[in-house]
Amino acid sequence: VMERIFAIDAGGVYFIHMFVAFFGLATSFALERFNSARKAVDCSAAGSTRVTDTLAMIGTLFLFVYWPTFNAAALHSTTSHDRAIVNSYLSIAMSAVAAFLTVILIDPRGKIGMVEVQNSTLAGGVAMGAACGLVVTPVGALLSGAVAGIVSVVGYRYITPKLESAIGLRDTCGVLNLHGIPSIIGAVVTAIAIGAAEGTDKYKGTISDVFHKVADRSYSTQAWMQIAAIGVTVGFAVAGGLITGFIMSRMPNLPAFFEDIHEYTTPEEHNATEHGTPEGVVTADQLVEFNDKTADPNQEEMKDVNGAQEPKEEIQNPDN
């Protein structure tokens, strides 16, 4: 895509967001299709908690603040940097506004969901990744962010559940809605912005910086190349993902999904090991139960003492 088509992609819309999203989706699809036993594996631990939502929200705030600089980093001139930062901020800010409004309108209770707050608010940054260094105008940047935010929320609420129920495609982190679809939007926006420059001098003085090796192409030709890059990127991603998913499907399944204990040493397991791990412990619930049984006896004694003192005080002070 970069060496043959010379696609413009300052913020990694094609090479990062689009490729990785569809590669991961194809891998997940192949895993479920070629390993039917996965359907019987326990997934009861799936979901978020207040702690995980809080940590994810911290990450969202950092991404929201620094995404414009990520988009602008690959550009060379000061003019292109300024243009990229302004376009990115306008787009990502509008996606946040659009995401909040959309989720309130479509939610049956009119409430805001944490999934949309953590993800859909960033969709504008993805959508403006490739076009950030182009002359898209403030209105164009705002529209791109609004469309990306709305589509992302709709994807989380309707598309992802539908894909899982229809074809068994598990999209645990919603990469389709934050990276996949917004990256397609961003590629189309890039093509439109380049094609609209035909017959103008919008990039006078910065054309070699923005277009690099393709400065000798016409704007319309480059616009079609941007569209062609979508097919090439998605094609390689899906092919690679299907092959990877098939290979992974030949591997044995875990006893349960979404539980760290099967792959990592958890605090519960560490504590159980310190006291002598009981034979046959394989689940987090069993380890927690074991930790309760091996708790410090001094603490239990203190609880008993405190508990025994309370009724004595009531007897000694009947007036209270």
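Residues numbered from 1 in each chain as written. Predicted model: local features only at pLDDT ≥ 70, side-chain atom pairs only at ≥ 80, totals over all residues. Heavy atoms only, no water.

**A closer look at the overall build of the protein**
Along the protein, the regular secondary structure elements total 12 helices and 0 strands. Its helices and strands in sequence order give the protein the pattern α-α-α-α-α-α-α-α-α-α-α-α, from N to C terminus. Sorting the 320 residues of the protein into buried and exposed places 38% on the buried side. The long-range fraction of contacts in the protein, counting pairs at least 24 apart against all pairs at least 6 apart in sequence, stands at 75%. Working note: accessible area of the protein is about 17,800 Å², and carbon and sulfur atoms make up 63% of it. (Helix = DSSP H or I, 4+ residues; strand = E, 2+ residues; numbered from the N terminus. Buried < 20%, exposed > 50% of the residue type's maximum accessible area, 1.4 Å probe, protein only. Contact = heavy atoms within 4.5 Å. Areas by Shrake-Rupley, 256 points an atom, 1.4 Å probe, with all protein chains shown as cover.)

**As for the packing of helix α6 (residues 137-167) against helix α7 (residues 175-195)**
One can describe the packing of α6 onto α7 by two numbers: an axis separation of 9 Å at closest approach and a directional angle of 140°. Considered as vectors, α6 and α7 are oriented oblique to each other. Crossing angle aside, the handedness with which α6 passes α7 is right-handed. On α7, the residues touching Ser-144, Val-147, Ala-148, Val-151, Ser-152, Gly-155, Tyr-156, Ile-159, Thr-160 and Leu-163 of α6 are Leu-176, Asn-177, Leu-178, Ile-181, Ile-185 and Val-189. (Axes fitted to C-alpha atoms, helices over the stretch in contact; angles between N-to-C directions. Parallel < 35°, antiparallel > 145°, perpendicular 65-115°, else oblique. Left-handed = near helix turned anticlockwise from the far one by under 90°.)

**Remarks on helix α9 (residues 219-249)**
The terminal C-alpha atoms of α9, which comprises 31 residues, lie 45 Å apart, in line with the 45 Å expected from a rise of 1.5 Å per residue. Here α9 has its buried residues at Tyr-219, Gln-222, Ala-223, Gln-226, Ala-229, Ile-230, Thr-233, Ala-237, Gly-241, Gly-245 and Ser-249. (Expected span 1.5 Å × (residues − 1).)

**Things to note about the packing of helix α2 (residues 50-72) against helix α3 (residues 78-106)**
Where α2 contacts α3, the axes come no closer than 8 Å and their chain directions differ by 145°. α2 and α3 meet at a crossing whose hand is right-handed. On α3, the residues touching Phe-64, Val-65, Trp-67, Pro-68, Asn-71 and Ala-72 of α2 are His-81, Ala-84, Ile-85, Ser-88, Tyr-89, Ile-92, Ala-93 and Ala-96.

**Focus: the packing of aromatic side chains**
The final tally for this structure, using the stated rule, is 4 aromatic pairs. Arranged with centres 5.2 Å apart and planes meeting at 90°, the rings of Phe-34 and Phe-246 form a pair that is edge-to-face. Taken together, the residues Phe-34 in helix α1 (residues 13-34) and Phe-246 in helix α9 connect sequence positions 212 residues apart. For Phe-34, a relative accessible area of 41% corresponds to the partly exposed category. (Phe/Tyr/Trp six-rings, centres within 6.5 Å; stacked < 30°, edge-to-face > 60°.)

**Focus on the nonpolar core**
The nonpolar side chains of a soluble globular protein tend to be buried with one another. Of all hydrophobic cores here, the largest spans 23 residues; its most connected members are Met-128, Ala-131, Cys-132, Leu-134, Val-136 and Ile-194. Taken together, the elements giving at least two residues each to this core come down to α5 (123-127), α6, α7 and α9. Ranked by the residues each element gives to this core, the list is headed by α7, at 5 residues. Residues contacting Val-136, with those up to four places away along its chain left out, are Asn-87, Met-128, Ala-131, Ala-141 and Ala-193. Counting residues in each nonpolar core, the second largest holds 13 residues, with Met-18, Ala-187, Ile-230 and Ala-237 among its members. (Core = buried A, V, L, I, M, F, W, Y, C linked by side-chain atoms within 4.5 Å.)

**Focus on the pattern of salt bridges**
Inspection of every chain in the model, using the stated rule, returns 4 salt bridges. One salt bridge connects Arg-38 with Glu-32, and the closest N-O pair in it is separated by 3.0 Å. Overall, Arg-38 belongs to the buried group, its relative accessible area being 14%. Residue classification places Glu-32 among the buried residues on the basis of a relative accessible area of 7%. Salt-bridge contacts for Arg-170 lead to Glu-32; the nearest nitrogen and oxygen are separated by 3.7 Å. In this pair, Arg-170 is assigned in the loop between α6 and α7 and Glu-32 in helix α1, connecting sequence segments 138 residues apart. (Salt bridge = Lys/Arg side-chain N within 4 Å of Asp/Glu carboxyl O.)

**Here we look at α2**
Taking 1.5 Å as the rise per residue, α2 with 23 residues should run 33 Å; its terminal C-alpha atoms sit 34 Å apart, in good agreement. At Tyr-66, α2 is bent by approximately 50°, the largest bend along its length, and proline Pro-68 sits one to four residues beyond. For α2, the set of buried residues is Asp-53, Thr-60, Trp-67, Pro-68, Asn-71 and Ala-72. (Bend = angle between axes of the 7 residues up to and from the residue.)

**Some remarks on unusual backbone geometry**
Both trends apply: most residues other than glycine have a negative phi, and most peptide bonds are in trans. The backbone of Phe-6 shows a phi angle near 60°, a positive value even though the residue is not glycine. Note on placement: Phe-6 falls in the segment before α1. The partly exposed category is assigned to Phe-6, whose relative accessible area is 25%. Its identity is not glycine, yet Thr-137 carries a phi of approximately 70°, on the positive side. Tracing the backbone shows Thr-137 in helix α6.

**Some details on the environment of Ser-249**
In this structure, Ser-249 sits in helix α9. Of the residues examined, Ser-249 reaches a relative accessible area of 4% and is grouped as buried. For the pair Ser-249 and Ala-37, spaced 212 residues apart in sequence, the C-alpha to C-alpha distance is 9.7 Å. Apart from residues lying up to four places away in sequence, Ser-249 is in contact with Ala-30, Leu-31, Phe-34 and Asn-35. A polar side-chain atom of Ser-249 sits 3.3 Å from a polar atom in the side chain of Arg-250. (Polar contact = N/O pair within 3.5 Å; in protein donor to acceptor, adjacent residues only side chain to side chain.)

Bear in mind that shape data such as this cannot, by itself, settle questions of function.
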